[in-house]
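Take a look at the letters that make up each chain.
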Amino acid sequence: MKKIVLVLFVGLLGMSLKAQDSAAKIEFKEETVDYGEIEKGSDGVRVFEFTNTGNSPLIISDVRSSCGCTIPKKPEDPIMPGKTGEIQVKYDTNRVGPIRKAITVTSNAETPTKILKIKGEVKAPSGTK
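Everything numeric here is computed off the predicted structure, so don't read it as measured data. (Residues numbered from 1 in each chain as written. Predicted model: local features only at pLDDT ≥ 70, side-chain atom pairs only at ≥ 80, totals over all residues. Heavy atoms only, no water.)

Colleague: Lay out the sheet that holds strand β2 (residues 32-39) in plain terms, naming residues and giving numbers.
Modeller: Read from one edge of the open sheet, four strands run β2-β8-β7-β4, paired in mixed fashion. One side of each edge strand has no neighbouring strand; the edge strands of this open sheet are β2 and β4 (60-65). Pairs of neighbouring strands in the sheet enclose a mean axial angle of 20 degrees, with direction left out of account. Sheet topology places β4 next to strand β7 (residues 97-107); five bridges connect them, and they run antiparallel. In the strand pairing of β7, I60 is matched with S107. (Pairing = 2+ DSSP bridges. Helix = DSSP H or I, 4+ residues; strand = E, 2+ residues; numbered from the N terminus. Axes fitted to C-alpha atoms, helices over the stretch in contact; angles between N-to-C directions.)

Colleague: How would you summarise the sheet that holds strand β1 (residues 26-28) if you had to cite specific residues and measurements?
Modeller: The four strands lie next to each other as β1-β3-β6-β5, forming an open sheet whose pairing is antiparallel. Since the sheet does not close on itself, it has two edges, and those belong to β1 and β5 (70-73), each with one partner. Across the sheet, the mean angle separating the axes of adjacent strands is 30 degrees when strand polarity is ignored. Here β5 pairs with strand β6 (residues 84-91) via four bridges, running antiparallel. Considered in β6, the bridge of T70 is made with Y91.

Colleague: Kindly report on the state of the cysteines, identifying the contributing residues and their values.
Modeller: Inspection of every chain in the model, using the stated rule, returns one disulfide. Each disulfide pairs two cysteine sulfurs, and for C67 the partner residue is C69, the sulfurs being separated by 2.3 Å. Here the S-S torsion is close to -60 degrees, and the disulfide linking C67 with C69 is therefore left-handed. Its relative accessible area of 23% is what places C67 among the partly exposed residues. Residue C69 is classed as buried on the basis of its relative accessible area of 6%. (Disulfide = S-S within 2.5 Å. Buried < 20%, exposed > 50% of the residue type's maximum accessible area, 1.4 Å probe, protein only.)

Colleague: Talk me through the nonpolar core; I want residue IDs and the actual numbers.
Modeller: The biggest cluster of nonpolar side chains holds 23 residues, and the ones touching the most others in it are F48, I87 and I118. Those residues in contact with I118 that sit more than four places away from it in its chain are V33, Y35, F48, T70, V89, Y91, I99, R100, K101 and I103. (Core = buried A, V, L, I, M, F, W, Y, C linked by side-chain atoms within 4.5 Å. Contact = heavy atoms within 4.5 Å.)

Colleague: Explain the packing of aromatic side chains to me, using residue names and the numbers behind them.
Modeller: In total, this model carries two aromatic pairs according to the counting rule given. Note on Y35 and Y91: the rings are 6.2 Å apart at their centroids and 65 degrees apart in plane angle, and the pair reads as edge-to-face. Here Y35 is found in strand β2, whereas its partner Y91 is found in strand β6, with 56 residues between them in sequence. On the basis of relative accessibility, which here comes to 4%, the residue Y91 falls in the buried class. (Phe/Tyr/Trp six-rings, centres within 6.5 Å; stacked < 30°, edge-to-face > 60°.)

In short, the description is geometric, and any link to function would need to be established separately.
Following this line, the structure appears as structure tokens:
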């Protein structure tokens, strides 16, 4: 009886390890984008580049921002193994002050939830307060 349980356990362990080998994996070039100091009203679009380093197609199901001042855009098509993709983020640069926002990426990757960050500061144009 103990041998049967042991064989079943080893079999299930082997199957779960095999399933992990065939999963999609998302690897970002950078997980934080620094806007630095930018002027009010300037271009607020930045891009997070990533690669699917796994063995299955990567499907990004959702990308959400921590507030309404940041609008993320996810790829609609699956990213094949070895291929790259990007998540575009647009920050509302009409808001003067520091930028500290999080973008939550949900996918079918081995690690299904990933947090990306943007930071920086929007300055008022020269000569204004």
